[in-house]
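# Architecture and fold: a report
Below, each chain spelled out in residue letters.
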Amino acid sequence: MPAKFRTVANAQGLNGIVCFPSIQGDFLEGCGPAFSDTIDEMLNKLDPFSRERDALAAILLGDSVELMFDADGRIVLPEELRHHAKIKDEATFVGLGEKFQIWEPKAFEAFRSDAVERARANGGLLRSPFAIGPNGGGQ
């Protein structure tokens, strides 16, 4: 695990990470305790008896695993998580702010090609709230 993320997780009171199968594809999602709490908050806003909440909770909570860092800052992915992400010998770590993803390297490269196009198409979403007009200057 990157040192920066280990430092954040440790500061949040966990010498490790929370990891679970992604609900969006064949990769893993991971986070520290703070984002794990955010997931709990999001789930708690749903009807506690809805099938949708149960399905989301089964994956996001039920299949989540706390993985502790070893002395060198490494983690060991359990077989069921490696199987979900089709990871064999190598993995690609992708930091996404409060969360991260772990991919089989070739699968990430395929995803990244599509992500570049999506990012270009959606770049306007990042426009500063202080910008005036569509191009940031004048209306």
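Here's what I pulled together on the structure shown here. (Residues numbered from 1 in each chain as written. Predicted model: local features only at pLDDT ≥ 70, side-chain atom pairs only at ≥ 80, totals over all residues. Heavy atoms only, no water.)

### Topic: the sheet that holds strand β1 (residues 16-21)
If you trace the 5 strands from one edge of the open sheet to the other, you get β3-β1-β2-β5-β4, paired in antiparallel fashion. At either margin of the open sheet sits one strand with a lone partner, and together these are β3 (65-68) and β4 (92-96). The mean inter-strand angle of the sheet, taken between neighbouring strand axes irrespective of direction, is 30 degrees. The pairing of strand β2 (residues 28-31) with strand β5 (residues 99-103) spans 4 bridges and is antiparallel. When the bridges of β5 are listed, glutamate 29 appears paired with glutamine 101. Packing against the sheet, helix α2 (residues 33-44) makes contact with β1, β2 and β5, and its axis sits at approximately 110 degrees to β2. Packed onto the sheet, helix α5 (residues 105-122) meets β4 and β5 and runs at close to 120 degrees relative to β5. (Pairing = 2+ DSSP bridges. Helix = DSSP H or I, 4+ residues; strand = E, 2+ residues; numbered from the N terminus. Axes fitted to C-alpha atoms, helices over the stretch in contact; angles between N-to-C directions. Contact = heavy atoms within 4.5 Å.)

### Section: the nonpolar core
Among the nonpolar cores identified, the biggest contains 15 residues, and Met1, Ile17, Cys19, Leu28, Ile75, Leu77 and Ile102 are the most heavily contacted of them. Only α1 (3-11), β1, α4 (79-85) and β5 provide two or more residues apiece to this core. With residues up to four places along the chain from it excluded, the contact list for isoleucine 75 reads Met1, Ile17, Leu67, Met68 and Phe69. Among the nonpolar cores identified, the runner-up in size contains 9 residues, and Cys31, Ile39, Leu43 and Leu60 belong to it. (Core = buried A, V, L, I, M, F, W, Y, C linked by side-chain atoms within 4.5 Å. Buried < 20%, exposed > 50% of the residue type's maximum accessible area, 1.4 Å probe, protein only.)

### Regarding the packing of aromatic side chains
Under the criterion given, the structure shown has 7 aromatic pairs. When the centroid spacing of 6.1 Å and the interplanar angle of 40 degrees are considered together, the rings of phenylalanine 108 and phenylalanine 111 count as tilted. In this pair, phenylalanine 108 and phenylalanine 111 both sit in helix α5, 3 residues apart, roughly one turn of the helix. According to the relative accessible area criterion, phenylalanine 111 is partly exposed, its value standing at 31%. (Phe/Tyr/Trp six-rings, centres within 6.5 Å; stacked < 30°, edge-to-face > 60°.)

### Overview of α5
A rise of 1.5 Å per residue sets the reference length of α5, with its 18 residues, at 26 Å; its end C-alpha atoms lie 25 Å apart and thus fit the reference within 8%. Its side-chain oxygen 3.0 Å from the backbone nitrogen of lysine 106, glutamate 104 forms the N-cap of α5. (Expected span 1.5 Å × (residues − 1). Polar contact = N/O pair within 3.5 Å; in protein donor to acceptor, adjacent residues only side chain to side chain.)

### What about α2?
End to end, α2 covers 16 Å across 12 residues, agreeing with the expected 16 Å (1.5 Å per residue, within 8%). Contacts from the buried residues of α2 go to α1, β1, β2, α3 (51-62) and β5.

### Regarding the pattern of salt bridges
With the rule as written, the count across this model stands at 7 salt bridges. In this structure, aspartate 70 engages arginine 74 in a salt bridge whose closest nitrogen and oxygen atoms are separated by 2.9 Å. Where arginine 120 meets glutamate 117, a salt bridge forms, and the shortest distance between an N and an O atom there is 3.2 Å. Here glutamate 117 and arginine 120 lie together in helix α5, a separation of 3 residues that amounts to about one turn. Classification of arginine 120 as exposed rests on a relative accessible area of 63%. If you follow the salt bridges from partner to partner, you end up with Asp70, Asp72 and Arg74 in one network. (Salt bridge = Lys/Arg side-chain N within 4 Å of Asp/Glu carboxyl O.)

### Here's the deal with the pairing of β5
By the criterion of burial, β5 is predominantly enclosed, with 4 of the 5 residues buried. Both β4 and β5 contribute to a ladder of 5 bridges, which runs antiparallel. Directly across from threonine 92, in β5, lies its bridge partner tryptophan 103. In this antiparallel pair of consecutive strands, β4 and β5, the connection spans 2 residues, and glycine 97 shows a positive phi of 85 degrees.

So yeah, pure geometry; function would need other evidence.
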